[in-house]
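Coordinates in review
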Amino acid sequence: MTRVRLSRWLLAIPMTLLALATIYPLLFTVNVAMKTRRDYILDRFALTDALRWDNISTAWNSVGMDRYFLNSLIVVTSSVVLLLLLGSMAGFALSQLRFRGSSALFLGCLAGLFVPFQVIMVPLARIMADTALIDTYPGLVLVFVAQFLPFTVFLMTSYYKTIPREVIDAARIDGNSVYGVYRRIMLPLGTPALLSVGILNALFCWNDVLMSLVMMPSAEHRTLMVGVTSLRGQYSDDIPTFASGVLIAAIPVLVVYLFLQRQIADGVAAGSTKG
Amino acid sequence: MPIGNVQPSVRPVSSGRTDADPVAAEATGRHRGTRPRRSRGGARAERFAPYVLVAPAILIIVVLRLYPLLLGVNFSFTGDGERNGTVVGIDNYLELLDDSLFRTALGNVGLLVLLLPVAVAIPGLLATFIYLRVPGHRFYRSVYFFPAVLSPVIVGAIFNLLLAFDGPVNAVLGAVGIGPVDWLGDPDVAMFVVVGVHIWATFGMALVVFLAGFATLDSALLDAARVDGASLLQVIRHVIIPGLSRTIAFVAVTTMVGMLTSMFGLLYVMTSGGPEGSTYLPEYYIWIQQGQMNRPALASAASTVLFVIMLVVGLLQVKLLRRAGGED
């Protein structure tokens, strides 16, 4: 027993080092963002002598991060709302209703999982250009929804399968139409899954760069992550401002992670165990 | 459940209709034989309801995912520029083979395949330790998972700072007498650095998947092995690996797909495919040809190659791991 205990403690040493290696790059960035340019050049590692917010406000105001932030917020919110709505509707029908062709439709949705954006980038950009949806909010929202819908439908279907049929049957006998069952029973009962899937989708959309880059070419519609990539050229010799821009993009994710870590991990785990 | 919202079950007979599904009514054994006449429109609406619910999702997936796939394959056999729209056979594919940048991209895919066992083993081992209740396992779990939620763009930007030639990592190495390494500027080093950063950023995701797999493992087996005095290595080899073969297969496939389709952000921010094109991957090549070189048909050919690679990799791994799982 003592031997086992000792070896566990020995394992804790490399694991702690790894934890430090995981967290240090971010702490370093926070520290740099608080420094003056001069301080950074003199000593990169020393703790900042004061909490300075000027770099953050410079990045926010003069580089256009405020605009990019708003763009991201608009696109991500609309995408997640649409994903949850369409995903839960389809998930309800595919898991609880018997109708001709349901398994073929389910397979059709799943097939979307195996088509990554990279593979259809060229034709999709062309479709978006032909329909004048390129460089518009609805265009990027549609591309996000199409990207993450197969996964959302899959998770909602497997979640709704766990709800006993009797619940639906009882609601039908009480005079609810199919739509009524969806609205009054399935949506409220689906809350935990909707929360998990919603957060995951929000992260995926917020963090995306390739789809945003291809679908939103103009600077006016740039999303936050694309904005961060453009920082590098502009602030290559002003590291603290650069670090501040990176931090602005990371803070929403950090906050979400601190409060909703459980739901994120649950969503990832659900996606794997139901596969 | 908002029971209060549900309409009363007893309806006035005079209304002559109910929305109750005949199947549901029969299943519960009530209402049998006294099924009221229903209005035709309502019944039809009910019959079509499942299709109405599925339609938007299936429409979006078909129009914006499956149809473009066919369109792209078709497109890859046509020409660019002056030959726009004309059928050119396999010219684009021949040009790809001839392009040293694309060959580098394929070579790097090979490197990713070779590094895959490492990318699977690291989170697997760490999950094992966490599962065996290393002191502080909850803390490790939440710290390790954290980079997985950060955008590759943010991760890449942070590592750009750390790995700059005159940056902090080289400063630390210099202090212990190891000469500065040009992490992102040396063609022999850069790809390993980018893959390393990718693994750093994503191992938490695989870790969570492994932990979910461990939750399904029969702990009695583990206890039995412990009582028999099995060492950690023996436990891993004879209990954990066979017990988790499904999870391992899943992690291997998703990690490989992740390496093939979610490194764009890192490449874009950290190396832009350089130095000397040494960090090209197919997805980056597709983007360059489509967006920068104005060669959409050539990009489509590269897309098709990437799709085939992903299919082959996926099928191969599932097959290999199924066989490995079957032997034990």
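Residues numbered from 1 in each chain as written. Chains lettered and ligands numbered in written order. Predicted model: local features only at pLDDT ≥ 70, side-chain atom pairs only at ≥ 80, totals over all residues. Heavy atoms only, no water.

Here the focus is the overall build of chain A. In terms of regular secondary structure, chain A is built from 13 helices and 0 strands. Listing each helix as α and each strand as β along chain A from the N terminus yields α-α-α-α-α-α-α-α-α-α-α-α-α. Relative to its full complement of 275 residues, chain A shows a buried share of 56%. Of the contacts made within chain A by residues no fewer than 6 positions apart, 73% connect residues no fewer than 24 positions apart. In the form shown here, chain A has an accessible surface area of approximately 11,700 Å², with 67% of it arising from carbon and sulfur atoms. (Helix = DSSP H or I, 4+ residues; strand = E, 2+ residues; numbered from the N terminus. Buried < 20%, exposed > 50% of the residue type's maximum accessible area, 1.4 Å probe, protein only. Contact = heavy atoms within 4.5 Å. Areas by Shrake-Rupley, 256 points an atom, 1.4 Å probe, with all protein chains shown as cover.)

Here the focus is the interface of chain A and chain B. Facing the 97 residues of chain A at the interface are 99 residues of chain B. Contact between chain A and chain B buries roughly 8,800 Å² in total, counting both sides, with carbon and sulfur atoms accounting for 75%. By the criterion of area lost to chain B, the three top residues of chain A are Met-15, Gln-118 and Ile-173 of chain A, representing 8% of everything that side buries. Here chain A and chain B share 1 salt bridge between them. (Buried area = accessible area lost by both parts, 1.4 Å probe. Salt bridge = Lys/Arg side-chain N within 4 Å of Asp/Glu carboxyl O.)

Moving on, we get to a nonpolar patch on the surface. On the surface, a nonpolar cluster with roughly 430 Å² of combined accessible area is contributed by Val-73, Phe-77, Ile-90, Leu-94 and Leu-97 of chain B. Among the structural elements, Ile-90 of chain B can be located in the loop between α2 (40–75) and α3 (91–98). (Patch = residues over 30% accessible without salt bridge, like charges linked within 9 Å, V, L, I, M, F, W, Y side chains within 5 Å.)

The subject of this paragraph is unusual backbone geometry. A positive phi angle is found at Asp-135 of chain A, which is not glycine, with a value near 65°. Classification of Asp-135 of chain A as buried rests on a relative accessible area of 18%. One non-glycine residue, Ser-272 of chain B, lies in positive phi territory at about 50°. The class of Ser-272 of chain B is partly exposed, set by a relative accessible area of 37%.

Let's shift gears to the packing of aromatic side chains. Under the definition given, this model contains 25 aromatic pairs over all chains. Ring centres of Tyr-257 of chain A and Phe-146 of chain B lie 5.1 Å apart, and the angle between their planes is 55°; this geometry places the pair in the tilted category. You can see Tyr-257 of chain A sitting in helix α13 (residues 239–273) and its partner Phe-146 of chain B sitting in the loop between α5 (137–145) and α6 (152–163), one on each of two chains. Per residue, the accessibility class of Tyr-257 of chain A equals that of Phe-146 of chain B, and both read buried. (Phe/Tyr/Trp six-rings, centres within 6.5 Å; stacked < 30°, edge-to-face > 60°.)

All names here are of chain A. Here Thr-131 is to be found in the loop between α6 (117–130) and α7 (137–160). Given the relative accessible area of 45%, Thr-131 is considered partly exposed. Within the structure, the side chain of Thr-131 is placed 3.3 Å from the backbone oxygen of Met-128, a separation counted as a polar contact. (Polar contact = N/O pair within 3.5 Å; in protein donor to acceptor, adjacent residues only side chain to side chain.)

Another aspect to go through is the side chain of Arg-52 of chain A. Looking at where Arg-52 of chain A falls in the secondary structure, it is placed in the loop between α2 (37–42) and α3 (54–62). Residues contacting Arg-52 of chain A, with those up to four places away along its chain left out, are Ala-33, Met-34, Lys-35, Thr-36 and Asp-39 of chain A.

Turning to the pattern of salt bridges, a few remarks are in order. Residue and element names in this part refer to chain A. Following the criterion strictly, the structure yields 5 salt bridges over all chains and no others. Arg-52 serves as the salt-bridge partner of Asp-39, at 3.8 Å between the closest nitrogen and oxygen. Linking Asp-39 in helix α2 with Arg-52 in the loop between α2 and α3, this pair joins segments that are 13 residues apart in sequence. Here Asp-39 falls in the partly exposed class, since its relative accessible area comes to 22%.

All names here are of chain B. In the contact formed by α6 and helix α8 (residues 190–214), the axes pass within 11 Å of each other and the chain directions differ by 125°. One finds that α6 runs oblique with respect to α8. Of the two elements, α6 crosses α8, and the hand of that crossing is right-handed. Residues Val-155, Phe-159 and Leu-163 of α6 touch α8, and the partners they reach there are Val-193, Val-197, Trp-200 and Ala-201. (Axes fitted to C-alpha atoms, helices over the stretch in contact; angles between N-to-C directions. Parallel < 35°, antiparallel > 145°, perpendicular 65-115°, else oblique. Left-handed = near helix turned anticlockwise from the far one by under 90°.)

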